[in-house]
Amino acid sequence: MSEPVVEVHSGTDDLVAAAAALFVAAVTRAQAERGSASVVLTGGGTGIGLLEVVRRFDDGIDWSRVDVFWGDERFVPAGDAERNELQARRALLDHVPVDPSRVHPVAASDGEYPDPIEAAAEYSAAVHAHLAEHGAFDLHLLGMGGEGHVNSLFPHTDAVREEHELVVAVTDSPKPPPVRVTLTLPAVRRARHVALVVGGEAKADAVAAALAGASAAEIPAAGARGTETTTWLLDEPAAAKLPR
């Protein structure tokens, strides 16, 4: 696994622009080297904001050769505004020529798999099929919560301690909604490049703890590593408690 590299940006706009530039660079490089690219998206204000920037400055990406996954999903109906898929489609995917067969959302609660465990199993099959063919995800984007969670992997939960399964259902999330489907840390570590995009003073303690070597059970973000690169993109408030 790669060692973390930290980039500190002056504010939210610079942070989001840098994350979007990393996204475009990773995708175009993967397409040049292997013919296609795969990305795992994240939600949240920053995660969706960077997709809006990518939409405006996607120079060089062949969207017909991009596979799209999500790191986690709120297990709610398809039309619920809380769904990461819906937010990502509005920000980016509805505006670029993606191949619909290469977009892999988690099943919605009112869809074919109304049981979250069944939905997780279906999503796991899609993830395993992709990795069997391509070996790895090219880029996994991650936000981070104030307590250090990434995807729907919260401190001291069964999901963050999972060592084998790539996808699990979460039925007791401490952050609403309680039911979710999430990629695990073993799945995150199947990405060539992992980028954690984190802004805000409220996250400074967790950032410092993760980069100081906290356990993944304590600070889940500490366990997020890519096989080739792991990049922490921070704004100045989020980086405030790092050693100078």
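Residues numbered from 1 in each chain as written. Predicted model: local features only at pLDDT ≥ 70, side-chain atom pairs only at ≥ 80, totals over all residues. Heavy atoms only, no water.

For the chain, an unreviewed UniProt entry supplies the name 6-phosphogluconolactonase and the organism Nocardia terpenica. In the Sequence similarities (unreviewed entry) part of its UniProt record, the chain is described as follows: "Belongs to the glucosamine/galactosamine-6-phosphate isomerase family. 6-phosphogluconolactonase subfamily." (UniProt positions renumbered as here; feature names shortened; annotations may be inferred.)

K.L.:
Help me get a handle on the sheet that holds strand 7 (residues 180-183), residues and values and all.
P.N.:
Spatially, the three strands line up as an open sheet ordered 4-7-6, and their pairing is antiparallel. The sheet terminates laterally at strand 4 (72-74) and strand 6 (167-170), the two strands that pair on one side only. Ignoring which end each strand starts from, the neighbouring axes of this sheet average 15° apart. Where strand 4 meets strand 7, three bridges bridge the pair, whose relative direction is antiparallel. Note that in strand 7 the partner of Asp72 across the bridge is Thr182. Here helix 4 (residues 116-134) sits on the sheet in contact with strand 6 and strand 7, set at roughly 160° to strand 6. (Pairing = 2+ DSSP bridges. Helix = DSSP H or I, 4+ residues; strand = E, 2+ residues; numbered from the N terminus. Axes fitted to C-alpha atoms, helices over the stretch in contact; angles between N-to-C directions. Contact = heavy atoms within 4.5 Å.)

K.L.:
Got a sec to walk through the packing of aromatic side chains? Specific residues and values, please.
P.N.:
Overall, the coordinates contain three aromatic pairs when judged by the stated rule. Ring geometry for Phe23 versus Trp63: centroids 6.3 Å apart, planes at 35°, classification tilted. With a gap of 40 residues between them, Phe23 in helix 1 (residues 12-34) and Trp63 in the loop between helix 2 (44-56) and strand 3 (66-70) connect regions that are remote in the sequence. Judged by relative accessible area, which is 4%, Trp63 ranks as buried. On the numbers, 6.4 Å between centres and 55° between planes, the contact of Phe69 with Tyr123 is tilted. A residue pair is termed long-range when its members are at least 10 positions apart, and Phe69 in strand 3 and Tyr123 in helix 4 qualify at 54 residues. According to the relative accessible area criterion, Tyr123 is buried, its value standing at 2%. (Phe/Tyr/Trp six-rings, centres within 6.5 Å; stacked < 30°, edge-to-face > 60°. Buried < 20%, exposed > 50% of the residue type's maximum accessible area, 1.4 Å probe, protein only.)

K.L.:
Explain the layout of surface pockets residue by residue, including any values.
P.N.:
In this structure, the largest pocket spans a volume of roughly 360 Å³. Of all elements in the fold, only helix 2, strand 4 and strand 8 (191-198) reach the threshold of two or more residues within the lining of the largest pocket. By residue number, the principal contributor to the lining of the largest pocket is helix 2, which donates four residues. When grouped by side-chain class, the residues that make up the lining of the largest pocket number four nonpolar, 13 polar and five charged. Roughly 210 Å³ of volume is contained in the second largest pocket. (1 Å grid on protein atoms, 1.4 Å probe; cavity = no way out; pocket = protein on both sides within 12 Å on 5 of 7 lines; lining within 4 Å. Points joined across faces, edges and corners; volume = space filled by probe spheres on them. Nonpolar A, V, L, I, M, F, W, Y, C, P; charged D, E, K, R; others polar.)

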